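Residue-level structural notes
Each chain is listed here by its residues.
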Amino acid sequence: MIAKYWKKVGLIILIIACLFNIVNKLVKKTSLKEDLTATGQYMLEQQKEKNKK
């Protein structure tokens, strides 16, 4: 029976996965300021490590 409806079942699973992903990103949304601060700190650390070598 599932062989008959595999495209519809696959599409439903895909839609559910996409909706779950979108909701998850909205719930765990980080601010732009936090992202930029974290990126800046990472770049500074990488620069310090590069200068040590």
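Here goes a summary of the coordinates provided. Residue numbers run consecutively from 1 along every chain, following the written order of its sequence. In keeping with the predicted nature of the model, local features appear solely for residues at pLDDT of at least 70, side-chain atom pairs appear and are counted solely at 80 or more, and the whole-chain, interface and lining totals rest on all residues. Water and hydrogen atoms were dropped before computing side-chain values, which therefore reflect all heavy atoms in the structure.

Another aspect to go through is the overall build of the protein chain. Counting its regular elements, the protein chain contains two helices and zero strands. Here the protein chain has a C-alpha radius of gyration of 21 Å; the compact-globule value for 53 residues is 10 Å, and the former is much larger. The C-alpha extent of the protein chain, read off along each of the three principal axes, is 65 × 25 × 10 Å. Relative accessibility decides the category of a residue: with a 1.4 Å probe and only protein chains considered, values under 20% of the type maximum give buried, values over 50% give exposed, and everything between is partly exposed. Looking at the protein chain as a whole, 0% of its 53 residues qualify as buried. Method for areas: the Shrake-Rupley scheme with a 1.4 Å probe, in which residue coverage is limited to the protein chains shown. Put simply, the protein chain shows about 5,700 Å² of open surface, and 67% of that area lies on carbon and sulfur atoms. Only four residue types enter the charge count, namely Lys and Arg as positive and Asp and Glu as negative; His and the chain termini do not. Where a charge lies is defined by one atom per residue type, namely NZ (Lys), CZ (Arg), CG (Asp) and CD (Glu). For the protein chain, the distance from the average position of its 11 positive side-chain charges to the average position of its 4 negative side-chain charges is 14 Å. Here a strand is any run of E in DSSP of at least two residues, a helix any run of H or I of at least four, and the numbering for each starts at the N terminus. Our radius of gyration looks at C-alpha atoms and nothing else; its globule reference is 2.2 Å times the residue count to the power 0.38.

Turn by turn, an α-helix covers 3.6 residues, leaving residues three or four places apart pointing in a common direction. One less than the residue count of a helix, multiplied by 1.5 Å, gives the span that helix is expected to have. Taking 1.5 Å as the rise per residue, helix α2 (residues 32-52) with 21 residues should run 30 Å; its terminal C-alpha atoms sit 30 Å apart, in good agreement. The buried fraction of α2 amounts to zero of the 21 residues, a small share that puts the element mostly on the outside.

What follows concerns a nonpolar patch on the surface. Every patch collects residues that have over 30% relative accessible area and no salt bridge, joining them within 9 Å if they carry like charges and within 5 Å if they are nonpolar side chains (Val, Leu, Ile, Met, Phe, Trp, Tyr). We define a salt bridge as a contact between a side-chain nitrogen of Lys or Arg and a carboxyl oxygen of Asp or Glu at a distance within 4 Å. Residues L11, L14, I15, L19, I22 and L26 make up a contiguous nonpolar surface patch of about 600 Å² in total accessible area. Given the relative accessible area of 51%, L19 is considered exposed.

Here we take up the environment of K50. You can see K50 is positioned in helix α2. Sequence separation of K50 and L11 is 39 residues, and the distance between their C-alpha atoms is 48 Å.

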